[in-house]
Amino acid sequence: MTNPFGTVPAEAILEGRATDAYFERTRDTLEHAGKNPHVVAEVTADQFPTGAFEVFTGVADVATLFEGRDVDIDALPDGQLFDGGPVMRIEGSYLEFAELETSLLGFLSQPSGFATGALEVRRAAPDSLVLSFGARHVHPSIAATVERAALLAGLDGFSHVAAGDILGREAGGTMPHALMFCFGEGNQAEAWTAFDEAVGEDVPRIALTDTFWDEKSESLLAAETLGDDLEGVRLDTTGSRRGDFRHIVREIRWELDARGHEDVDIFCSGGLTPESIRNLRDIADGFGVGSHITGADSVDFSLDIVSLEGEPVSKRGKLSGVKEVYRTSAGGHHVALADREGPEDGEPLLEPLVRDGEVVREFDLEAASERCLADAERVGFDESTD
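Keep in mind that this is a model prediction, so the values were computed, not measured. (Residues numbered from 1 in each chain as written. Predicted model: local features only at pLDDT ≥ 70, side-chain atom pairs only at ≥ 80, totals over all residues. Heavy atoms only, no water.)

Caption draft 1: The arrangement of the overall build of the protein chain in detail. For the protein chain, the helix and strand inventory stands at 14 helices and 18 strands. The C-alpha extent of the protein chain, read off along each of the three principal axes, is 80 × 55 × 35 Å. The proportion of buried residues among the 386 residues of the protein chain is 47%. At a minimum sequence separation of 6, the contacts of the protein chain that also span at least 24 residues come to 71%. Total accessible area on the protein chain stands at roughly 18,800 Å², and carbon and sulfur atoms take up 47% of it. (Helix = DSSP H or I, 4+ residues; strand = E, 2+ residues; numbered from the N terminus. Buried < 20%, exposed > 50% of the residue type's maximum accessible area, 1.4 Å probe, protein only. Contact = heavy atoms within 4.5 Å. Areas by Shrake-Rupley, 256 points an atom, 1.4 Å probe, with all protein chains shown as cover.)

Set out below in structure tokens:
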């Protein structure tokens, strides 16, 4: 069985078969009519700035998709925030890339949504340990896409082992409730002790303490069982059982401190959002976040021809003409026609990505993450909710 999970193979994507059928019909029609105009097409989400910034990523996959195609592409840098106007510009004969539009938009839309959701979480707890726990909510074939987006947005780590293999990073995590069930109620101490004896020294000793009894009782038992080896406790309390979760965390912190366990951290997970994290960030030491990242809306990118044989053109409701986008010194996002002057203090954001089918940009995740976090600070990303 060559394709046991029914996923679209890489070859189909590169060959243009991972496309909407009407692009094949378009190719047939244009070739029949002997037409193949020179165009400029732009990828946009909003025509004008809206005040709501999002993170741009997925550009490395787009570069791979277009390698060897006789086109020129400019795009925002990986990790750049944007707010209206083009994030990518493609110039060439239309039939060089017509059938790639579907994959192109997919490579950008969902990863940019993941990264934007992860950045919201990062900004909610800038000084806390925050890990991505959401790979279980997506198809396994894109787990590395989720985890890369999380790292780009500044999260400290992730849980998916195979994604770590792809990204060259070590996956993190300690124990699930299933481990506790296998030892049974009343045997929590045995479970934590066995874990401590079994796993490598590099794995943090963080005990899951909400399985059978209340969180305070299990947390204190874990501290008593593992002593100085215990680095932290994790509360994954189901939302229906939480009540005032902040009060639960404060109570555990108090009781641990009262017994000399000030060095034991408290780690929270389970359906967390930026709002709930803000409510906990002064009393909890770390967070595991899943569905807020994986459930983030994809960025609604579209690709539109804006110049045909050198003349401005657009569909109704879109803006014709080749454009440039700028970041101003005050953190503003400005859109202007490319053949006009931009704002006096504006920095143009579109950079060469592909020239005559050759990828002319290198990709570095650390640099992209630094860019993302710096730009988020510059534009005041999500400041209204702090």
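Moving on from the coordinates now.
Caption draft 2: Expanded view of a negative patch on the surface. Together, Asp 228, Asp 229, Glu 231, Glu 262, Asp 263 and Asp 265 give the surface a local cluster of negative charge. Structurally, Glu 231 can be placed in the loop between α9 (215–226) and β9 (232–235). A residue is classified by how much of its surface remains accessible, and Glu 231, at 42% relative accessible area, is partly exposed. (Patch = residues over 30% accessible without salt bridge, like charges linked within 9 Å, V, L, I, M, F, W, Y side chains within 5 Å. Salt bridge = Lys/Arg side-chain N within 4 Å of Asp/Glu carboxyl O. Lys, Arg positive; Asp, Glu negative; His and termini not counted. Charge placed at Lys NZ, Arg CZ, Asp CG, Glu CD.)

Caption draft 3: Up close: the side chain of Arg 234. Its place among the elements puts Arg 234 in strand β9. At a separation of 2.9 Å, a polar atom in the side chain of Arg 234 contacts the side chain of Ser 269. Discounting residues that sit within four places of it in the chain, Arg 234 has contacts with Met 175, Pro 176, Ile 206, Ala 207, Leu 208, Thr 209, Phe 267 and Ser 269. (Polar contact = N/O pair within 3.5 Å; in protein donor to acceptor, adjacent residues only side chain to side chain.)

Caption draft 4: Expanded view of unusual backbone geometry. Its identity as a non-glycine residue notwithstanding, Glu 309 has a phi of 50°, on the positive side. Note that Glu 309 resides in the loop between β12 (302–308) and β13 (311–312). A relative accessible area of 51% places Glu 309 in the exposed class. Positioned with a positive phi, Asp 356 is a non-glycine residue whose angle comes to about 50°. By relative accessible area, which is 60% here, Asp 356 ends up exposed.

Caption draft 5: The pattern of salt bridges, seen in detail. Enumeration according to the criterion identifies 24 salt bridges in this entry. Notably, a salt bridge pairs Glu 24 with Arg 25, separated by 4.0 Å at the nearest N-O pair. What you see here is one network of salt bridges that share partners, running through Arg 27, Glu 31, Arg 69 and Glu 99.

Caption draft 6: Fine view of the packing of aromatic side chains. This model, assessed by the stated rule, comprises 7 aromatic pairs. On the numbers, 6.4 Å between centres and 45° between planes, the contact of Phe 66 with Phe 97 is tilted. A residue pair is termed long-range when its members are at least 10 positions apart, and Phe 66 in helix α3 (residues 59–66) and Phe 97 in the loop between β5 (86–93) and α4 (101–124) qualify at 31 residues. Since its relative accessible area comes to 3%, Phe 97 is described here as buried. Members of the aromatic cluster, joined through ring pairs, are Phe 56, Phe 82 and Phe 301. (Phe/Tyr/Trp six-rings, centres within 6.5 Å; stacked < 30°, edge-to-face > 60°.)

Caption draft 7: Geometry of the nonpolar core. Ranked by size, the top nonpolar core spans 58 residues in total, and within it Leu 81, Val 249, Cys 268, Leu 280 and Phe 287 carry the most contacts. The contact partners of Leu 81, leaving out residues within four places of it in the chain, are Phe 53, Glu 54, Val 55, Leu 119, Arg 327, His 333, Cys 372, Asp 375, Ala 376, Val 379 and Phe 381. In terms of nonpolar packing, the next biggest core, distinct from the first, is built from 35 residues, Val 43, Val 62, Val 87 and Leu 108 among them. (Core = buried A, V, L, I, M, F, W, Y, C linked by side-chain atoms within 4.5 Å.)

Caption draft 8: The arrangement of the environment of Leu 220 in detail. With respect to the helices, strands and loops of the structure, Leu 220 is situated in helix α9. Spatially, the C-alpha atoms of Leu 220 and Thr 209 are 8.9 Å apart, while their sequence positions differ by 11 residues. Here Leu 220 is in contact with Glu 255, Leu 256 and Arg 259, once residues within four sequence places are set aside.

Caption draft 9: Spotlight on the sheet that holds strand β3 (residues 71–75). Spatial strand order, β13-β12-β1-β5-β3-β17-β18: 7 strands in an open sheet with antiparallel pairing. Every other strand in the sheet has two partners, leaving β13 and β18 (358–359) as the edge strands with one partner each. Pairing of strand β1 (residues 38–44) with β5, which is carried by 7 bridges, proceeds in the antiparallel orientation. Each bridged residue has a counterpart across the sheet, and for His 38 the counterpart in β5 is Ser 93. (Pairing = 2+ DSSP bridges.)

Caption draft 10: Quick look at the pairing of strand β10 (residues 265–269). The buried fraction of β10 amounts to 4 of the 5 residues, a majority that puts the element mostly inside the structure. Here β9 runs beside β10; their pairing, made up of 4 bridges, is parallel. The residue bridging Gly 232 from the neighbouring strand is Asp 265, located in β10. Relative to strand β11 (residues 286–289), β10 runs parallel, the two sharing 3 bridges. Note that in β11 the partner of Phe 267 across the bridge is Gly 286. This β-α-β element, β10 to helix α12 (residues 274–280) to β11, shows right-handed connectivity. (Right-handed = clockwise from strand over helix to strand, strands pointing away.)

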